[in-house]
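# Chains, contacts and geometry: an overview
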Amino acid sequence: MRRLFPVTDETAARDSDREWGLEELAAAYAYPSGSGRAGPEPWLRANMVSTLDGAAQHDGRSQPISSAADMRIFGTLRALADAVVVGAETVRQEGYRPARAREDFAALREAAGQGPAPAIAVVTASLDLDFSLPLFTSPLVPTLVLTGAAAAPDRIAAAEKAGAQVVIAGDGMGVDPARAVRALADRGLYRLLTEGGPRLLGQLIAAGVLDELCLTVSPMLTAGDAQRIAGGPPVAVPRRLELTSLLEEAGFLFSRYRRT
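Conventions we followed
- Residues numbered from 1 in each chain as written.
- Predicted model: local features only at pLDDT ≥ 70, side-chain atom pairs only at ≥ 80, totals over all residues.
- Heavy atoms only, no water.
- Salt bridge = Lys/Arg side-chain N within 4 Å of Asp/Glu carboxyl O.
- Helix = DSSP H or I, 4+ residues; strand = E, 2+ residues; numbered from the N terminus.
- Buried < 20%, exposed > 50% of the residue type's maximum accessible area, 1.4 Å probe, protein only.
- Contact = heavy atoms within 4.5 Å.
- Core = buried A, V, L, I, M, F, W, Y, C linked by side-chain atoms within 4.5 Å.

## Describing the pattern of salt bridges
Going through the model one piece at a time under the given rule, you end up with nine salt bridges. Notably, a salt bridge pairs D211 with R259, separated by 2.4 Å at the nearest N-O pair. Here D211 is found in the loop between helix 8 (198–207) and strand 8 (212–218), whereas its partner R259 is found in strand 10 (residues 252–259), with 48 residues between them in sequence. In this structure, a network of salt bridges that share partners links the residues R45, E212, R256 and R258.

Here's what the structure looks like:
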């Protein structure tokens, strides 16, 4: 992992030709000091990948446009989070499984007052999910299901029977993004990571609750009509973010932007 654009580290140029270890990645991607169990404010970051021509998926999945280094950062970001927020369609398309404990990050999580692995929080209006999957029946940390107050009672019951914890974060069928973030913080889950999909990320952007974007730019071209990293209606005024770091490996760029 080579740092090409040292935004915050004046010594980065000296280390530009060596691969970064997991401890260095964890330090580089650490949450702000004001977030976490000792702080009152949640921090929501997104981790997404896009090809050079703007595709967030190929054949409906992000894995074909990813890389080994991208997956190392993916694992690091998960290891730092209290909860991973993900849309129901992404759970279905990507075959989501429970987050696992990572020995490499065990001491770091313990020192931060975190459990062995982040909780997975699934955002869904319909609760049209297969509750027999390991994500719900055998997670290391109980999976959360974020839904609206008008969700079908039988689907809520099915989720709870499978072992999931249902969190109401909206007055109607859908989930209000701001309420979802606050509901997770009320449970002590302040360090939040979303992995999409594009529709959920678009909702989070429109609601103004996204604090940080970690974007991998894949050196690939796919053409076609694949989704962008964020979908849904446009915001009234484009949101400006500040670049805080940029890493490179094998032509993949790993950027990190924060709200100004």
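## Considering helix 7 (residues 177–186)
Every α-helical turn comprises 3.6 residues, leaving residues that sit three or four positions apart pointing alike. What helix 7 keeps buried is the set P177, A180, V181, A183, L184 and A185. In the segment just after helix 7, G188 is the residue with positive phi, at about 85°.

## Observations regarding the environment of G54
With respect to the element layout, G54 can be found in the loop between strand 2 (43–51) and helix 2 (68–80). Distance from G54 to T147, taken between C-alpha atoms, is 30 Å for residues 93 residues apart in sequence. With residues near it in sequence (within four places) discarded, G54 still touches Q227 and R228.

## Some details on the nonpolar core
Y29, I120, V122, F131, F136 and V145 are the most contacted members of the largest nonpolar core, which has 39 residues in total. Every element with two or more residues in this core is listed here: helix 1 (22–28), helix 2, strand 3 (83–87), helix 3 (88–94), strand 4 (119–123), helix 5 (134–137), helix 6 (153–162) and strand 10. In terms of residue count, the dominant contributor to this core is helix 2 (five residues). Counting residues in each nonpolar core, the second largest holds 27 residues, with A46, V123, L146 and L210 among its members.

## Notes on helix 8
By the burial criterion, the buried members of helix 8 are P198, L200, L201, G202 and L204. Lining the buried residues of helix 8 we find strand 2, strand 3, strand 4, helix 7 and strand 7 (191–194). Once helix 8 finishes, G208 follows within two positions and takes phi at roughly 75°, a positive value.

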